[in-house]
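One-letter residues, chain by chain:
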Amino acid sequence: MTSAARHSLIEDTQGIAFGVCMAAVGTHVLTHMGFVAGQTVGIAALVSYGTSLPFPLVYFAISLPFLWLGWRRMGAAFALKTFISVASLSLLTALLPRWLEIERIDPAFAAILFGALFGIAALAVVRHGGSFGGVSILWLWLQDRTGFQAGYAQLLFDAGLFAVSALFLDWEVVGWSFLGAVVFNLFLAVNHRRDRYIAT
C-alpha cells in the first residue's frame, strides 16, 4: 500500500503545486462561463455571483473554518498542506485572468474540461496529504473512517447544491455545471481508493 506519508518534501511540493495549477485553470474556465461547481468551489461561486465579491476571497474565507476540523481529525500536516493548497489556489485564481484570456469555449467542452481538471487537481493534492479545504474535508474523513467513497458523498451533496443553484441561475447553466460536477466526482470516485492513498 502506498501512503502519503512516504512522499518526500520535494514530491509533496511538486504534487501540490501541480494540483493547484490544474485547479486554478479549471476555476478560470468555471468562472468565465458563469458555471457553478460542487462543494466549496460551488458555494463560493454562487456567493461571488450574487454579491460581486471576488471569487478568490470568498473561496478562501469559506474554506478557513474547515481547517480546524482537518487539524482535529487528520492532523497538523494535513491541515498545513490544506492551508497551503487553499491559499495558493486563491492567489493563483486571482492572478490567472491576467495571464490567460479565454475568448470562446463550447459549454459542453467547458463543463467536461473543468470537471476533469478539478478531478486531476484534487487527486494530486489528496495523494500528497492535503485537500482543497472546505466541505471536502468531511468527505475525506468519512472515506478514511468508513470506506464510503469520497466521490459518491460529494455527488450526493452536489445534487442538493445544484438544486439550490437552479433557483437563482439559468437552467442551461446549471445543467452544464452539473455535467462538470459529475465528471469531477466520478473521476475522484474511480481513482481515489482507500487501499491506495489515505488522508490521515
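Notes on the structure in this doc start here.

## Details of the overall build of the protein
Secondary structure assignment for the protein yields nine helices and zero strands. In sequence order, the protein lays out its α and β elements as α-α-α-α-α-α-α-α-α. Relative to its length of 200 residues, the protein is compact, with a C-alpha radius of gyration of 16 Å against a globular reference of 16 Å. Taken along its principal axes, the extent of the C-alpha atoms in the protein is 45 × 35 × 30 Å. Taking contacts inside the protein between residues at least 6 apart in sequence as the whole, the part at least 24 apart equals 76%. Surface summary for the protein: the accessible area is close to 9600 Å², and the carbon and sulfur share equals 69%. Distance between charge centroids for the protein: 15 Å, based on 11 positive and 10 negative side chains.

## With respect to the environment of Leu 9
If you trace the backbone, Leu 9 turns up in helix H1 (residues 9–33). Judged by its relative accessible area of 69%, Leu 9 is exposed. Sequence-wise, Leu 9 and Ala 116 are 107 residues apart; in three dimensions their C-alpha atoms are separated by 26 Å.

## A closer look at helix H9 (residues 171–191)
In this model H9 runs 30 Å from its N-terminal to its C-terminal C-alpha over 21 residues, within 8% of the 30 Å that 1.5 Å per residue would give. Inspection of H9 places Val 174, Ser 177, Gly 180, Ala 181, Phe 184, Asn 185, Leu 188 and Ala 189 among the buried residues, and these make up the whole buried set. One side of H9 holds all its buried residues, which, seen down the axis, span an arc of 165°. Among the exposed residues of H9, those oriented more than 90 degrees off its buried face are Glu 172 and Val 190. Capping the start of H9 is the job of one residue whose side-chain oxygen sits 2.9 Å from the backbone nitrogen of Glu 172: Asp 170.

## A look at the packing of helix H4 (residues 66–74) against helix H7 (residues 136–146)
Where H4 contacts H7, the axes come no closer than 10 Å and their chain directions differ by 20°. Judged by the inter-axis angle, H4 sits roughly parallel to H7. Considering how the two elements wind past one another, H4 and H7 form a crossing that is left-handed. The residues of H7 that touch H4, namely those facing Phe 66, Leu 67, Leu 69, Gly 70, Arg 73 and Met 74, are Ile 137, Leu 138, Leu 140, Trp 141 and Arg 145. Looking at the contact of H4 with H7, its residues break down into eight nonpolar, one polar and two charged.

## Focus: the nonpolar core
Among the nonpolar cores identified, the biggest contains 38 residues, and Leu 30, Val 41, Tyr 59, Leu 89, Phe 114, Phe 118 and Phe 132 are the most heavily contacted of them. Breaking this core down by element, the ones donating at least two residues are H1, helix H2 (39–51), helix H3 (55–63), helix H5 (76–99), helix H6 (107–126), helix H8 (150–165) and H9. It is H6 that provides the largest number of residues to this core, a total of eight residues. With near-sequence residues (within four places) excluded, Phe 114 lies in contact with Gly 26, Val 29, Leu 30, Phe 35, Val 36, Ala 37, Ser 177, Gly 180 and Ala 181. Judged by nonpolar contacts, the second largest core, of ten residues, contains Phe 78, Val 126, Trp 139 and Ala 150.

## Focus on the packing of aromatic side chains
All told, the structure shown has six aromatic pairs when counted by the stated rule. Relative to Tyr 59, the ring of Phe 55 lies with its centre 6.1 Å away and its plane at 10°, an arrangement referred to as stacked. Here Tyr 59 and Phe 55 lie together in helix H3, a separation of four residues that amounts to about one turn. In terms of burial, Phe 55 and Tyr 59 fall into one category: buried. Aromatic pair Phe 118 and Phe 184: ring centres 6.4 Å apart, planes at 90°, arrangement edge-to-face. Residue Phe 118 is found in helix H6, and its partner Phe 184 is found in helix H9; the two are separated by 66 residues along the sequence. Each member of the pair, Phe 118 together with Phe 184, is buried. Among the aromatic residues, those joined into a ring-pair cluster are Phe 35, Phe 114, Phe 118 and Phe 184.

About the thresholds
- Residues numbered from 1 in each chain as written.
- Predicted model: local features only at pLDDT ≥ 70, side-chain atom pairs only at ≥ 80, totals over all residues.
- Heavy atoms only, no water.
- Helix = DSSP H or I, 4+ residues; strand = E, 2+ residues; numbered from the N terminus.
- Rg over C-alpha atoms; globule rule 2.2 N^0.38 Å.
- Contact = heavy atoms within 4.5 Å.
- Areas by Shrake-Rupley, 256 points an atom, 1.4 Å probe, with all protein chains shown as cover.
- Lys, Arg positive; Asp, Glu negative; His and termini not counted.
- Charge placed at Lys NZ, Arg CZ, Asp CG, Glu CD.
- Buried < 20%, exposed > 50% of the residue type's maximum accessible area, 1.4 Å probe, protein only.
- Expected span 1.5 Å × (residues − 1).
- Arc of directions from axis to C-beta.
- Polar contact = N/O pair within 3.5 Å; in protein donor to acceptor, adjacent residues only side chain to side chain.
- Axes fitted to C-alpha atoms, helices over the stretch in contact; angles between N-to-C directions.
- Parallel < 35°, antiparallel > 145°, perpendicular 65-115°, else oblique.
- Left-handed = near helix turned anticlockwise from the far one by under 90°.
- Nonpolar A, V, L, I, M, F, W, Y, C, P; charged D, E, K, R; others polar.
- Core = buried A, V, L, I, M, F, W, Y, C linked by side-chain atoms within 4.5 Å.
- Phe/Tyr/Trp six-rings, centres within 6.5 Å; stacked < 30°, edge-to-face > 60°.

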